[in-house]
Amino acid sequence: MISTSDFKNGLTIQVDGGIWRIVEFQHVKPGKGSAFVRTKLKNLRTDAVQEKTFRAGEKMEQAIIETKKMQYLYNDGDNFVFMDNNTYEQLEIPAENLSEEKNYLVENMEVSVIMFGDETLGVDLPNTVNLKVTDTEPGIRGDTATGGSKPATLETGLTVQVPFFVNEDDVLIINTTDGTYVSRA
């Protein structure tokens, strides 16, 4: 059990049957009445963000979150299959649990799988990934005065805006937080 005085950004707690990560918190002492802690919490199961107020000194259960280094093996249609690097156990995560992450997963990639007990909450990706361009229009000469961009489809099916000089079969570095082009690899 932890108290509101132990709150830190990034701490995970169990409240109302959900597992929440503290995004930000503020300890408030009004002139009249008792102190309280105003928090912004992110649900690790649904990614919903909620603001919640706790009384100062209120106690709640801390959620022990474990991250395991795993290797992404393949997608069998409905599930993404990962392998634990230490025990060689395979773990299947349903595709609906990996909404954004599936756009950046490449076979044999190392990722951190976030787990609460036996429940898999999600996948932590590296900040950038290298993806190969499978389809893009050829760049048009002389059309670079505005420094424009064109759409390119990558090997995972993700479509990003890239500069005109990028061609098919180029390997690009893509930012996983916002899905933007960084540079050529």
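Criteria and cut-off values
- Residues numbered from 1 in each chain as written.
- Predicted model: local features only at pLDDT ≥ 70, side-chain atom pairs only at ≥ 80, totals over all residues.
- Heavy atoms only, no water.
- 1 Å grid on protein atoms, 1.4 Å probe; cavity = no way out; pocket = protein on both sides within 12 Å on 5 of 7 lines; lining within 4 Å.
- Points joined across faces, edges and corners; volume = space filled by probe spheres on them.
- Helix = DSSP H or I, 4+ residues; strand = E, 2+ residues; numbered from the N terminus.
- Buried < 20%, exposed > 50% of the residue type's maximum accessible area, 1.4 Å probe, protein only.
- Polar contact = N/O pair within 3.5 Å; in protein donor to acceptor, adjacent residues only side chain to side chain.
- Pairing = 2+ DSSP bridges.
- Salt bridge = Lys/Arg side-chain N within 4 Å of Asp/Glu carboxyl O.
- Axes fitted to C-alpha atoms, helices over the stretch in contact; angles between N-to-C directions.
- UniProt positions renumbered as here; feature names shortened; annotations may be inferred.

Asker: Honestly, the layout of surface pockets in this entry has me stumped. Any pointers?
Answerer: The rolling of a water-molecule-sized probe over the atoms marks out the regions of remaining empty space. Empty space within the largest pocket amounts to approximately 690 Å³. Residue lining of the largest pocket: 26 residues in total, with Lys42, Asp47, Glu101, Val123 and Asp124 positioned closest to the centre. For the lining of the largest pocket, the secondary structure elements donating two or more residues are strand 3 (18-28) and strand 11 (119-124). In terms of residues, the lining of the largest pocket owes the most to one element, strand 11, which gives 6 residues.

Asker: Any chance you could explain the side chain of Thr4 here in plain terms?
Answerer: In this fold, Thr4 is placed in the loop between strand 1 (2-3) and strand 2 (12-15). On the basis of relative accessible area, Thr4 is assigned to the buried category, the value being 3%. A polar side-chain atom of Thr4 sits 2.8 Å from the main-chain amide nitrogen of Gly57.

Asker: I tried to follow the sheet that holds strand 2 on my own but got confused; where do I start?
Answerer: Two orientations exist for strands paired in a sheet by backbone hydrogen bonds: parallel and antiparallel. With antiparallel pairing, 6 strands are arranged side by side in an open sheet as 1-6-2-3-4-5. Among the strands making up the open sheet, the edge pair consists of strand 1 and strand 5 (49-55).

Asker: Even after reading the chapter, I still don't get the pairing of strand 7 (residues 66-75), so can you show me in this structure?
Answerer: Examined bridge by bridge, strand 7 and strand 10 (residues 110-116) share 6 bridges and lie antiparallel to one another. Bridge pairing in strand 10 links Gln71 to Glu110. As paired elements, strand 7 and strand 8 (residues 79-84) share 5 bridges and run antiparallel to each other. When the sheet's bridge partners are listed, Tyr74 is paired in strand 8 with Val81. What sits between strand 7 and strand 8 in their antiparallel hairpin is a turn of 3 residues, with Gly77 showing a positive phi close to 105 degrees.

Asker: Could you clarify how one ought to interpret the pattern of salt bridges in this entry?
Answerer: Side chains that carry opposite charge are capable of pairing whenever their charged atoms lie near each other. A complete count under the given rule lists 4 salt bridges for this structure. Lys52 serves as the salt-bridge partner of Asp16, at 3.4 Å between the closest nitrogen and oxygen. With Asp16 in the loop between strand 2 and strand 3 and Lys52 in strand 5, this pair connects stretches of sequence that are 36 residues apart. The exposure class assigned to Asp16 is exposed, which follows from its relative accessible area of 69%. The salt bridge involving Lys132 is made with Asp169; its shortest N-O contact spans 4.0 Å. One end of the pair, Lys132, is in strand 12 (residues 128-136); the other, Asp169, is in the loop between strand 14 (159-163) and strand 15 (171-175), and 37 residues separate them in sequence. You can call Asp169 exposed: its relative accessible area is 53%.

Asker: In this structure, what is going on with the pairing of strand 4 (residues 36-43)? I would like to understand it.
Answerer: Across a regular strand the side chains alternate sides, sitting on one face of the sheet and then on the other. Taking every second residue as pointing to the same face, the buried face of strand 4 carries Val37, Thr39, Leu41 and Asn43, while none of Phe36, Arg38, Lys40 and Lys42 on the other face is buried. Where strand 3 and strand 4 come together, 8 bridges link them in antiparallel fashion. Looking at the pairing, Glu24 lines up with Lys40 of strand 4. Strand direction decides the pairing type here: strand 4 and strand 5, joined by 7 bridges, are antiparallel. Each residue of the ladder has a partner; that of Lys40, found in strand 5, is Glu51. The antiparallel hairpin formed by strand 4 and strand 5 contains 5 residues in its connecting segment, where Asp47 sits at a positive phi of about 65 degrees.

Asker: Please clarify how the sheet that holds strand 15 should be interpreted in this entry.
Answerer: With respect to topology, 5 strands assemble into an open sheet ordered 14-13-12-15-16, the strand pairing being antiparallel. Across the chains shown, the open sheet's two edge strands, defined by having one partner strand only, are strand 14 and strand 16 (181-184). Ignoring which end each strand starts from, the neighbouring axes of this sheet average 50 degrees apart.

Asker: Just checking my understanding: could you explain the UniProt feature "domain: Translation elongation factor P/YeiP central" (unreviewed entry) in the chain for this structure?
Answerer: Using the residue numbers shown here, the UniProt feature "domain: Translation elongation factor P/YeiP central" (unreviewed entry) corresponds to residues 67-121. The span residues 67-121 is 0% helical and 55% strand by assignment, and the distance between its end C-alpha atoms comes to 10 Å.

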